[in-house]
Amino acid sequence: MTDNNAIEVQGREVTATRIFDAPRALVWRAFTDPDHLKHWWGPNGFTCTFHEFDLRPGGAWRFIMHGPDGTDYKNDNVFVTIDWMERIVFDHVSFPKHSVTMRFEDAGGKTKLVFKQLFESLDDFEKIKLISMPGLTQTLDRLAAHLPQIDPYRRELTITRTFAAPRALVWRAWTDPKQLAKWWGPHGFSNPVCEIDLKPGGAIHIVMRAPDGTDYPMRGEFREIAPPERLVFTSYPVDGEGRPLIDGLTTVTFIERDGATEMTLHTGAIGLAPVAVAMIAGMAAGWGQSIERLAGLVESA
């Protein structure tokens, strides 16, 4: 399902803007997982055989598009920029030569995609214009149809806990990085890096260290801060190359009740890679143990 579909042409540049009724993590995965990409890339009736898909700057994406009339179309591309969950830039180095920039923007739970093609030669663009324009529209239509078929690796969790501690103390445990580092993560974990910039748009950087010494880095940013009542933040556990594995959003509210604090945590996560399945499966246990550690910190104080 889509909400809009607009294509603009200026000289040798084509810009398609589309809003998909799917979260950004899902649309991103449709582009970056070749097992999904090959099922929808290309106009109606076309199929693809991928020979190489190396998603990194300088990496190659080579494939053959098979037309419904049996004609094969060679496609050679080189990735230029990968800004995880935000932007992909690649050069199409076979005919007709052009660069492609795709921007992925969150649109309140939906995804705004801006797909821009800049052709090297205006003459080349004019030669294929009559087939490329409807082809681009059909490709995005196929993407919209494919999105509901993607397993989102999604889970939501709500935990409510009353602490025998004043709200100011519980708020500080969430917003003072020295306090946060003492309880964040499951039992036995430590946090050698715990850095937060407590403002809307402020960055979060935490590295959890498991008892066996393995580090699990996470990044994110604050969306809302309403002291001492409400925190909203994103979280992105990342792999060794800094690529997010999960797209998470957490809302925490704090209500003072006769000197105690009722905290409600609601978190949702969408997996971006197969390894995220196990991580999401352990989400309830991980948060439960973290909150036990938080209770021990604030109630002993």
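What comes next is a walk through the structure.

### Topic: the packing of helix α4 (residues 167-175) against helix α7 (residues 283-300)
A pair of packed helices is characterised by two quantities: the angle between their axes and the separation of those axes. One can describe the packing of α4 onto α7 by two numbers: an axis separation of 10 Å at closest approach and a directional angle of 125 degrees. Compared by their axis directions, α4 and α7 come out oblique. The interaxial crossing formed by α4 with α7 has right-handed handedness. Contact with α4, carried on its side by L169, V170, A173 and W174, involves W287, L294, L297 and V298 of α7 and no other residues of that element. Of the residues contributing to the contact of α4 with α7, the split by class is eight nonpolar, no polar and no charged.

### Here we look at the sheet that holds strand β12 (residues 215-226)
Strand order in this open sheet of seven strands is β9-β15-β14-β13-β12-β11-β10, and the pairing throughout is antiparallel. Each having just a single partner strand, β9 (154-163) and β10 (190-196) make up the two edges of the open sheet. Here the strands of the sheet are splayed against their neighbours by 20 degrees on average, with no regard to which way each runs. Summarising the sheet, β9 and strand β15 (residues 260-271) pair through 10 bridges and their orientation is antiparallel. Across the sheet, T162 pairs through a bridge with E262, a residue of β15. Running over the sheet, α4 touches β9, β10, β12, β13 (230-237), β14 (246-257) and β15 and is turned about 160 degrees from β14.

### Overview of the pattern of salt bridges
By the definition in use, this model includes 17 salt bridges. The closest approach of N and O atoms between D33 and R29, which form a salt bridge, is 3.9 Å. Neither residue differs from the other here; D33 and R29 are each classed as buried. For E292, the salt bridge identified is with R161, shortest N-O distance 3.1 Å. Of the two residues, E292 is situated in helix α7 and R161 in strand β9; the sequence distance between them amounts to 131 residues. Since its relative accessible area comes to 23%, R161 is described here as partly exposed.

### Digging into helix α1 (residues 24-32)
Of all nine residues making up α1, nine are buried, and the element is well covered by its neighbours. By the burial criterion, the buried members of α1 are R24, A25, L26, V27, W28, R29, A30, F31 and T32.

### Remarks on the side chain of N77
Secondary-structure assignment places N77 in strand β5 (residues 72-83). N77 gets classed as buried once you look at its relative accessible area, which sits at 3%. In this structure the side chain of N77 is engaged in a polar contact, spanning 2.9 Å, whose partner is the side chain of H92. Look past the residues within four positions of N77 in its chain and what remains in contact with it is G59, A60, W61, F63, F90, D91, H92 and V93.

### What to know about the nonpolar core
Within the largest apolar cluster, 43 residues are counted, with the highest numbers of intra-cluster contacts made by F31, W41, I88 and M102. Of all the elements, helix α3 (residues 122-146) adds the most residues to this core, at seven residues. W41 has contacts with F31, C48, W61, F63, M65, F90, F115, T139 and R142, leaving out every residue within four places of it along the chain. Formed by 38 residues, the second largest nonpolar core is a distinct cluster that contains I159, W184, F222 and A295.

Criteria and thresholds
Residues numbered from 1 in each chain as written. Predicted model: local features only at pLDDT ≥ 70, side-chain atom pairs only at ≥ 80, totals over all residues. Heavy atoms only, no water. Axes fitted to C-alpha atoms, helices over the stretch in contact; angles between N-to-C directions. Helix = DSSP H or I, 4+ residues; strand = E, 2+ residues; numbered from the N terminus. Parallel < 35°, antiparallel > 145°, perpendicular 65-115°, else oblique. Left-handed = near helix turned anticlockwise from the far one by under 90°. Contact = heavy atoms within 4.5 Å. Nonpolar A, V, L, I, M, F, W, Y, C, P; charged D, E, K, R; others polar. Pairing = 2+ DSSP bridges. Salt bridge = Lys/Arg side-chain N within 4 Å of Asp/Glu carboxyl O. Buried < 20%, exposed > 50% of the residue type's maximum accessible area, 1.4 Å probe, protein only. Polar contact = N/O pair within 3.5 Å; in protein donor to acceptor, adjacent residues only side chain to side chain. Core = buried A, V, L, I, M, F, W, Y, C linked by side-chain atoms within 4.5 Å.

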